[in-house]
Amino acid sequence: MKTYDFKWSDLGDTEQGRPNLGTEAPVAIYRLMQFTLKDVLSRQLGLEKTCELLARAGELAGREFCRNVLNTRLPLAAFIADFEKKLIDLKIGILRVESADMQTLHFTVTVAEDLDCSGLPVLGGAVCNYDEGFIAGIFKEFTGRDFTVRETDCWAMGDRTCRFDIRPSGG
Ligand SMILES: [Zn+2]
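These numbers come from a predicted model, not from an experiment. (Residues numbered from 1 in each chain as written. Predicted model: local features only at pLDDT ≥ 70, side-chain atom pairs only at ≥ 80, totals over all residues. Heavy atoms only, no water.)

J.: Explanation requested: the sheet that holds strand 2 (residues 106-112) in the structure shown.
T.: The 4 strands lie next to each other as 1-2-4-3, forming an open sheet whose pairing is antiparallel. The outermost strands of the open sheet, each flanked by one partner alone, are strand 1 (94-101) and strand 3 (147-153). Neighbour-to-neighbour, the strand axes of the sheet open up by a mean angle of 20°, direction not taken into account. Note: strand 3 against strand 4 (residues 162-168), 6 bridges, orientation antiparallel. Along strand 4, the bridge assignment pairs Glu-151 with Phe-164. In this fold helix 4 (residues 76-89) packs onto strand 1 and strand 2, with an angle of close to 160° to the strand it touches most, strand 1. Of the strands in this sheet, strand 2, strand 3 and strand 4 are in contact with helix 5 (residues 129-143), which crosses strand 3 at around 145°. (Pairing = 2+ DSSP bridges. Helix = DSSP H or I, 4+ residues; strand = E, 2+ residues; numbered from the N terminus. Axes fitted to C-alpha atoms, helices over the stretch in contact; angles between N-to-C directions. Contact = heavy atoms within 4.5 Å.)

Below is the structure:
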């Protein structure tokens, strides 16, 4: 079976490659790719498996993002502040830490204006599986431990912000 191993360098040099159009594209176009991928994968694998795979892709993205974009030499609180700032700089979302237990590593965070779901119609369930994985991957890469992240509120459930429960797996 052939596989593909993602490397950060596969993202290419977007500045050199798009001198006229630039390095950004509309949010709807990003969502078009993600949701059509979800459509075709779910027909092949079922929705549950598809959501699990999207979360795994998000986790891979989170680990690579942490390695390539975030400053992992910072202590935890400063690391989270850096994460918050990068999410805004890259227009991914506006993260706020609602509660943080530095001993148990249990966090509750909200993400407003989320790239994946803000403004979606009410679909009856949380849709940010990729984001759950993305956050888990970042915490895993930083701490060396596995994390479980669950989205408890989502624009697609009628909420006006996404809320994520973050804790070490099995903890
Ligand atoms: Zn959401």
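So much for the structure itself; the text now carries on.
J.: How should I be thinking about the coordination of the zinc ion in this particular structure?
T.: Each donor-metal-donor angle in an ideal tetrahedron of four donors is 109.5 degrees, and each such angle in an ideal octahedron of six donors is either 90 or 180 degrees. Donor atoms from the polypeptide that coordinate the zinc ion comprise Cys-117 (SG), Cys-128 (SG), Glu-151 (OE), Cys-154 (SG) and Cys-162 (SG), at 2.2 to 2.5 Å from the metal. Sequence positions of the residues that donate to the zinc ion give the spacing C-x10-C-x22-E-x2-C-x7-C. In this pair, Cys-128 is assigned in the loop between strand 2 and helix 5 and Cys-162 in strand 4, connecting sequence segments 34 residues apart. Since its relative accessible area comes to 1%, Cys-128 is described here as buried. The class for Cys-162 is buried, based on a relative accessible area of 1%. (Donors = N, O, S within 2.8 Å, 3.2 Å for Na, K, Ca; no water. Buried < 20%, exposed > 50% of the residue type's maximum accessible area, 1.4 Å probe, protein only.)

J.: Can you help me understand empty space enclosed by the protein in this one?
T.: A water-sized probe rolled over the atoms picks out the places where empty space is left. Tallied over the full model, the rule gives 2 cavities of 30 Å³ or more. Sorting the residues of the lining of the largest cavity by element identifies helix 4 and helix 5 as the ones contributing at least two each. Here the lining of the largest cavity gets 3 residues from one element, more than from any other, and that element is helix 5. Of the residues that constitute the lining of the largest cavity, the class distribution is 6 nonpolar, no polar and 2 charged. Taken as a whole, the second largest cavity holds about 50 Å³ of empty space. Lining the second largest cavity are Ile-80, Phe-83, Leu-95, Val-97, Phe-107, Val-109, Ile-135, Phe-139 and Ile-166. Those elements that provide at least two residues to the lining of the second largest cavity are helix 4, strand 1, strand 2 and helix 5. When grouped by side-chain class, the residues that make up the lining of the second largest cavity number 9 nonpolar, no polar and no charged. (1 Å grid on protein atoms, 1.4 Å probe; cavity = no way out; pocket = protein on both sides within 12 Å on 5 of 7 lines; lining within 4 Å. Points joined across faces, edges and corners; volume = space filled by probe spheres on them. Nonpolar A, V, L, I, M, F, W, Y, C, P; charged D, E, K, R; others polar.)

J.: Got a minute to help me understand the packing of helix 4 against helix 5 in this structure?
T.: Packed helices, taken two at a time, are described by their axes: the angle between them and the distance between them. Running from amino to carboxyl end, helix 4 crosses helix 5 at an angle of 145°, the nearest separation of the two axes being 12 Å. For the pair helix 4 and helix 5, the crossing hand works out as right-handed. Along its contact with helix 4, which presents Leu-76, Phe-79, Ile-80, Phe-83 and Leu-87, the element helix 5 presents Phe-134, Ile-138, Phe-139 and Phe-142. Across the contact of helix 4 with helix 5, the residue classes break down as 9 nonpolar, no polar and no charged. (Left-handed = near helix turned anticlockwise from the far one by under 90°.)

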